[in-house]
Amino acid sequence: MRRQIPLALCFIFGAFMAIQYFIPHHSVADMQERILMWLQTLLAFAFLLGTVSLIKVHYHKIRNRADDRAYSYVALAGLLTMIGLGFIHPDHNLPGSPFSLMFLNVQVPIEATMFSLLAFYIASAAFRAFRARTLEATLLLVAAAIVMLGRVPIGDLIHEGIPDATRWILEVPNLASKRGVMIGVGLGMMATALKIVLGIERAWMGGGD
Amino acid sequence: MTFIWTTIGALLTLSIYSFLYKDNPFYKFAEHLVVGVSAGYYLVIYYFNFIHPNVFSPVFLLRLGDEPISFFGFHWWMALIPGVLGILLYTRFFPKVAWVGRYALAVYVGGYAGLGISPVMQARVIEQLRANALSVAGVEDPFATMTNVGLGVVIFAVVAYLLIVKRNLGARNWLGKVAVIVVSAVVGYAGYLVLTLISNAGVVSLTNILLVVGLLGTLTYFFFSMKHTGALGGLARVGIVFLMVGFGASFGYTVMSRISLLIGRVSFLLHDWLHLID
Amino acid sequence: MSWAEKVLSIDRRWIFLAIGIAVTIPFFLPLGLPVVVTPPVQSLYDAVEELEPNSAPLLLSIDYAPATLPELEPMSMAILRHCFRNDVNVVVMTLHPAGYGLAERALLAAAEEHDQVYGEDYAFLGFQPGTSAVILGMGINIRNVFPADAYGVPLDEIPIMQGVRNYDDIPLVISLAGWSAAEAWVYYAYQPYRQRVGAGVTAVMATDFYPYLNAGQLEGLLGGMRGAAEYEELIETPDQGARGMDSQSVIHLLIIVLILVGNIAYFVSRKKKASTAGAAS
């Protein structure tokens, strides 16, 4: 019951969504629409699982009087502020609303800046870790250097052949290798999807009975 | 008012950048703030853009868009069932009844898995194989020059490798090594000239041959059912060369991408906040 | 300690400082180097240029988040400006929740620049979750997925959405994404419906999209800030993309120098260690 019915449901929905592409009948299309809506609903609820987990984690930190619980208050305050601005303010979805301003001036700068830290780390890694120890590593670094120069205007200035070499690298060896990887990964994705639908792959059910 | 909001954004930006010196309370504050704010933002967006109009409103307010719907009617059930399934996902937080969430997960996982089988096969496998089934003769080759240069470099590298490593020439002194390099360069250049003659004749497209060989080599490299020895090993080795060049291109682009993110933030600080640049 | 070992043991915060200075200086001392347009960007530009004015709308899916804003927002501004300049109707949507605020910001900024009127020249459909489900659903009927726009106005009441039922009525879709959304448009819009799709992606992902471009599954491809700069060059409106190219040039040179210096120092110190070990034995 606890495993058989979910496996059966997985097969029914998976098989239907796989074969509906090949049945051009309006009743199948109608059912496809319904199921797509169901999948969207499930995804929406699944996404919000993260929010519940977040509240749980920080609540426990506060309750257990962890050393850094002050920051948990900050996180929960941010969460409640946005929920309050979104649910209480009548026009939260309009530009210029407090909800929108908080997003654009708090979330956007912080998130964008966090990812921009990677620029510093990649420069540090370039200096400390990128070593041409083997032929393959040398090949990688040479190709990277050509592409890095070719994709900025200064590459044109250094030598007119650099942008041409960059374009060749992207559209010949890069294309061939990425295509090979794409085909391999595509076959793997298909195999995994089939295994899930047919119930061979059951890791999504988790442990227990 | 705009300047106040921009200043808040700028100060939060600088708080994050303070981490580059060392971890500090300003960074931690900004980090935790964004975690809470983004979670709240996504919750509101998901609720008002999808959950309210497609689940809450039909089930509790008996309205689908502007149209009223009937209680226990078809549309009511079509809104209730996925809503209940969605709520069942939250049973994972209660270990004794967590197994109930499998029903919802089954629909979700099975549905999305089945949805992707055909398009992925078509887009990633069939179309790519079709695109790489190239004519190697009698077609124009826009990359002929660069392909010949590339192959000339490969010839140089192979000759240098064979002479230095395999034949151990030039091992005694630097002058010997330089002589070997010069000889290899001459052979590589000669190879380039020969390939140019072949390209100019328009008989074969060396670029298309490279694309086909590259794809076969890459696929061979990932084929682990047979040992990579002999011809198969040689082809896998060719595949490694193509993969390394591809990864090098990806690495170059990755550096470009990360730098762009930094440029964006500096632009925000200098232009939007401090108005120091146009 | 030899010079090589000293170089290798340098505190990384000096490298951070060098990067910070290198990225800032070109903003004050611009190099003004020209940006050369490459074929993938030209193809996408031509596809947009061919669209008929005041007719079937371009569907622009702004699927990026704040993390990839500096690369993708310049693309969205450039494409929107191109469309509005040519009087091409634009419908914007997003598959990412953070894209809601960012798409709205870009759309309203570009629309204000060109005095565009909401509903008559452009529309914003908002966000819907479920990527593949959304894209497939729109192929059947857009109103099944987006019954109303982001502000609750039914699509039937929006002039530019009159007669736009599904992909048959949309000449081109462009996805600007820093995640798998752009690929999803190829899988679920191009493959089943043969909908013309163009993509703007982050530079990290750009190399992975060349197979799609080569196979004809994409009309064109913008890769990273450089792609945005090239598009701005084509529409003759340099903005964030073009402005960033000078800093990009300087930093790329700096990183290549760092790689070279790091490798030289490494091999020198390794050789020294080997000769010291040999002398000791």
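Since we're looking at a predicted model, the values are computed, not measured.

(A) Representation of the overall build of chain B in the model. The helix and strand inventory of chain B stands at 8 helices and 2 strands. The buried share of chain B, taken over its 278 residues, is 41%. Relative to all contacts within chain B whose residues are 6 or more apart in sequence, the contacts with residues 24 or more apart total 46%.

(B) Expanded view of the overall build of chain C. Of the regular secondary structure elements, chain C holds 12 helices and 6 strands. Its C-alpha atoms give chain C principal-axis dimensions of about 85 × 40 × 30 Å. The buried share of chain C, reckoned over its 281 residues, is 59%.

(C) Representation of the pairing of strand β5 (residues 197-201) of chain C within the structure. Residue and element names in this part refer to chain C. The buried fraction of β5 is high, at 5 of 5 residues. Residues of β5 alternate between two faces, with Val197, Ala199 and Val201 on one and Gly198 and Gly200 on the opposite face, all of them buried. In terms of strand pairing, strand β4 (residues 173-177) meets β5 through 5 bridges, oriented parallel. When the sheet's bridge partners are listed, Val173 is paired in β5 with Val197. As for the winding sense of the linkage, the β-α-β connection from β4 through helix α8 (residues 181-193) to β5 is right-handed.

(D) View of the nonpolar core. Judged by nonpolar contacts, the single largest core of 217 residues is most densely connected at Ala123 of chain A together with Val92, Trp185 and Phe209 of chain C. No other element matches helix α8 (residues 230-273) of chain B, which puts 19 residues into this core. Beyond its immediate stretch of four places on either side in the chain, Trp185 of chain C contacts Ser61, Ile135, Val173, Ser175, Tyr190 and Val197 of chain C.

(E) Summary view of the sheet that holds strand β1 (residues 58-63) of chain C. Residues and elements named next belong to chain C. Spatial strand order, β3-β2-β1-β4-β5-β6: 6 strands in an open sheet with parallel pairing. Edge positions in the open sheet fall to β3 (122-127) and β6 (221-223), since each of these has one partner strand only. With strand direction ignored, the average angle separating the axes of adjacent strands in the sheet is 15°. By the bridge criterion, 5 bridges tie β1 to β4 in an arrangement that is parallel. Paired with Leu60 across the two strands is Ile174, which belongs to β4. Against the sheet, helix α5 (residues 99-113) touches β1, β2 (90-94) and β3, its axis set at about 170° to β3.

(F) A look at the domain arrangement of chain C. Taken domain by domain, chain C comprises domain 1 (3-30 + 245-280) and domain 2 (39-238). Centre-to-centre separation of domain 1 of chain C and domain 2 of chain C, based on C-alpha positions: 41 Å.

(G) Local environment of the domain arrangement of chain B. Along its sequence, chain B is organised into domain 1 (2-103) and domain 2 (144-264). Placing a centre on the C-alpha atoms of domain 1 of chain B and another on those of domain 2 of chain B gives a separation of 51 Å.

(H) A look at the pairing of β3 of chain C. Residue and element names in this part refer to chain C. When you tally the buried positions in β3, you get 6 out of 6 residues, the bulk of the element. Pairing geometry for β2 and β3, over 5 bridges, is parallel. For Val92, the partnering residue across the bridge sits in β3 and is Phe124. On the question of chirality, the crossover connecting β2 to the parallel β3 by way of α5 is right-handed.

(I) Summary view of the interface of chain B and chain A. Taken together, the 99 residues of chain B in the interface contact 106 residues of chain A. Of all elements in the fold, only α1 (2-17), α2 (25-61), α3 (74-88), α4 (101-132), α5 (144-166), α7 (206-221) and α8 of chain B reach the threshold of two or more residues within the side of chain B that touches chain A. The element contributing the most residues to the side of chain B that touches chain A is α4 of chain B, with 24 residues. Split by residue class, the side of chain B that touches chain A holds 68 nonpolar, 26 polar and 5 charged.

(J) Broad picture of the interface of chain C and chain B. Between chain C and chain B, the residue contacts involve 44 residues of the former and 37 residues of the latter. Where the side of chain C that touches chain B is concerned, the elements lending two or more residues are α2 (12-28), α4 (69-85), β3, α8, α9 (203-206), α10 (210-214), α11 (224-234) and α12 (240-280) of chain C. No other element matches α12 of chain C, which puts 7 residues into the side of chain C that touches chain B.

(K) Looking closely at the environment of Leu69 of chain C. Tracing the backbone shows Leu69 of chain C in helix α4. Given 28 C-beta atoms within 10 Å, Leu69 of chain C falls into the buried group. A sequence separation of 133 residues divides Leu69 of chain C from Thr202 of chain C, and the C-alpha atoms of the two residues are 9.5 Å apart. The contact partners of Leu69 of chain C, leaving out residues within four places of it in the chain, are Val108 and Ala112 of chain A, Gly264 of chain B together with Tyr64 and Leu102 of chain C.

(L) The packing of α1 of chain B against α2 of chain B, seen in detail. Residues and elements named next belong to chain B. Two elements in contact, α1 and α2, have axes separated by 7 Å at closest approach and are oriented at 120°. When the axis of α1 is compared with that of α2, the two are oblique. When the axes of α1 and α2 are compared, the crossing they make is left-handed. Of the residues in α2, those in contact with Leu12, Ser15 and Ile16 of α1 are Phe26, Tyr27, Phe29 and Ala30. Looking at side-chain class alone, the contact of α1 with α2 contains 6 nonpolar, 1 polar and no charged residues.

Rules and cut-offs
- Residues numbered from 1 in each chain as written.
- Chains lettered and ligands numbered in written order.
- Predicted model: local features only at pLDDT ≥ 70, side-chain atom pairs only at ≥ 80, totals over all residues.
- Helix = DSSP H or I, 4+ residues; strand = E, 2+ residues; numbered from the N terminus.
- Buried ≥ 20, exposed ≤ 12 C-beta atoms within 10 Å, placed from the backbone.
- Contact = placed C-beta atoms within 7 Å.
- Pairing = 2+ DSSP bridges.
- Right-handed = clockwise from strand over helix to strand, strands pointing away.
- Core = buried A, V, L, I, M, F, W, Y, C linked by C-beta atoms within 7 Å.
- Axes fitted to C-alpha atoms, helices over the stretch in contact; angles between N-to-C directions.
- Domains from an automatic or database assignment.
- Nonpolar A, V, L, I, M, F, W, Y, C, P; charged D, E, K, R; others polar.
- Parallel < 35°, antiparallel > 145°, perpendicular 65-115°, else oblique.
- Left-handed = near helix turned anticlockwise from the far one by under 90°.

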